Each structure stands twice: as structure tokens, then as C-alpha cells.
Amino acid sequence: MNAKIKKILYATDLSDNSAYAFRYAVDMAQKNDAKIVIFHAIEPIPPYVRHYVMPFEDESEWEEKMKKEQELTAKKIKERLEDFCKREAQRIPCLDLILKIIVKTGYPVEEIIRTSEEEDCDVIVLGTHGKGFLLETFLGSVARSVLDRTRKPVFIIPLPKKEEISFDEGI
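Residues numbered from 1 in each chain as written. Predicted model: local features only at pLDDT ≥ 70, side-chain atom pairs only at ≥ 80, totals over all residues. Heavy atoms only, no water.

## Focus on the sheet that holds strand 5 (residues 154–158)
And step 1. The five strands lie next to each other as 3-2-1-4-5, forming an open sheet whose pairing is parallel. The outermost strands of the open sheet, each flanked by one partner alone, are strand 3 (98–105) and strand 5. Shown here is a sheet whose adjacent strand axes are inclined to one another by a mean of 20°, direction ignored.
And step 2. Contacts between helix 3 (residues 59–89) and the sheet are confined to strand 2 (35–42) and strand 3, with strand 3 contributing the most and set at about 150° to the helix. (Pairing = 2+ DSSP bridges. Helix = DSSP H or I, 4+ residues; strand = E, 2+ residues; numbered from the N terminus. Axes fitted to C-alpha atoms, helices over the stretch in contact; angles between N-to-C directions. Contact = heavy atoms within 4.5 Å.)

This is the structure we're talking about:
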């Protein structure tokens, strides 16, 4: 039995390899008449940073400042992703495949899995860096953890050797 793919979660960390992985998400969407949900997670500020800053600031002011900063960051990242999609559309028709762009604050693994469930995605596509010789290093900690923890099919796209791409310039 072949599973029907109708919605793809493309998770990006805004790296060059995640831009390369976008090609695969688009190709999969075109072949399956599916839509793509683009997702990016902004990692929260670590507690130790809060510990060092809090003695100098009021806690409510700190919370408000961080909330505004995260909202601004999310807005900028969403704009960057939208620009990327527009540039890609000049090379391959993909704008009509994009269902939505989601940017959330949270730990990437948890947010990727949660968003894939909330959006009822059939598969997850993400890139990996391929920086080392060990499996965990090759897959990357986020890719490895998503693969280990989800019940959905995961397509992990390694960056080929000598590939010259950039997320900021498109693929």
C-alpha cells in the first residue's frame, strides 16, 4: 500500500543545506500534488543568560523585552523565507505549492514534531550538514532526534559535495 502524501512539513534552519533540501520538498509536492508547510524554530534564550541579566533588570521588563525581540525575529525570518520562496519560483514553479510559513519559538526537535502533528503533515523533509564521520554527527542532532522520535516518514537530505548554494541567494 502506498501512502498518500498531501501535506509536507519542510523544516529549515536557514542553512545552505536546508535551502538545498527545499528542492526535494518541492519535487515531492509536485509529484504527489501536495502542499508544503515551511517551518522554522527559533531557539529560546537559555536559562543561564537570564540568570546573568536578571540582576540588572526588572523581571517583567525582561519578559516584555524578550517577547518583543522574539516577535521581531520571527517576523524577519518569515520575511526572509517568503523572499526565498519568491526567488525559487523564478527557477521552479513552487509558490503555489506553499500552503503556509510558520515560525515558532521553541526547541527545534519538539517544535518540528508538534507542528507536523498540528498541521496534519504526512511527511517531514529536512536537510543535514554532513560535517563528520560518525552517524550522529553526519545526521545532525536535530535530524537524528526527529527521526528517532516521530512516527511520520522523515526525508533527511544531505548536502552533496562541492555544492555551491546559499539560502540568502536562493538555490
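After that view, the rundown keeps rolling.
## Overview of helix 3
And step 1. In this model, helix 3 (31 residues) spans 45 Å end to end at C-alpha, consistent with the 45 Å of a helix rising 1.5 Å per residue.
And step 2. For helix 3, the full list of buried residues reads W62, M66, A74, I77, L81, F84, C85 and E88. (Expected span 1.5 Å × (residues − 1). Buried < 20%, exposed > 50% of the residue type's maximum accessible area, 1.4 Å probe, protein only.)

## Some remarks on the pattern of salt bridges
And step 1. Evaluation of the coordinates by the stated rule reveals six salt bridges.
And step 2. Between K104 and E118 there is a salt bridge, and its shortest N-O distance comes to 2.8 Å. Taken together, the positions of K104 in strand 3 and E118 in helix 4 (residues 108–118) put the pair 14 residues apart, joining distant regions of the chain.
And step 3. Ionic pairing is found between D148 and R144, a salt bridge with its closest N-O pair at 3.7 Å. In this pair, D148 and R144 are both assigned in helix 6 (residues 141–149), four residues apart and thus about one turn of the helix distant. (Salt bridge = Lys/Arg side-chain N within 4 Å of Asp/Glu carboxyl O.)

## Some points on the nonpolar core
And step 1. Formed by 29 residues in total, the largest nonpolar core has its most connected members in I8, Y10, F22, I36 and I38.
And step 2. Of the residues forming this core, the biggest block, eight residues, is contributed by helix 1 (residues 16–32).
And step 3. Each residue touching I36, except ones within four places of it in the same chain, is listed here: I8, Y10, A25, V26, A29, L97, I98, L99 and K100. (Core = buried A, V, L, I, M, F, W, Y, C linked by side-chain atoms within 4.5 Å.)

## Brief notes about the pairing of strand 1 (residues 7–11)
And step 1. Where burial is concerned, most of strand 1 is hidden: four out of the five residues are buried.
And step 2. Relative to strand 2, strand 1 is paired through five bridges, and the arrangement is parallel. Bridging from a neighbouring strand, Y10 pairs with I38 of strand 2.
And step 3. A crossover connection joins strand 1 to the parallel strand 2 through helix 1; in handedness this β-α-β unit is right-handed.
And step 4. Here strand 1 pairs with strand 4 (residues 123–128) via four bridges, running parallel. Across the sheet, A11 pairs through a bridge with L126, a residue of strand 4. (Right-handed = clockwise from strand over helix to strand, strands pointing away.)

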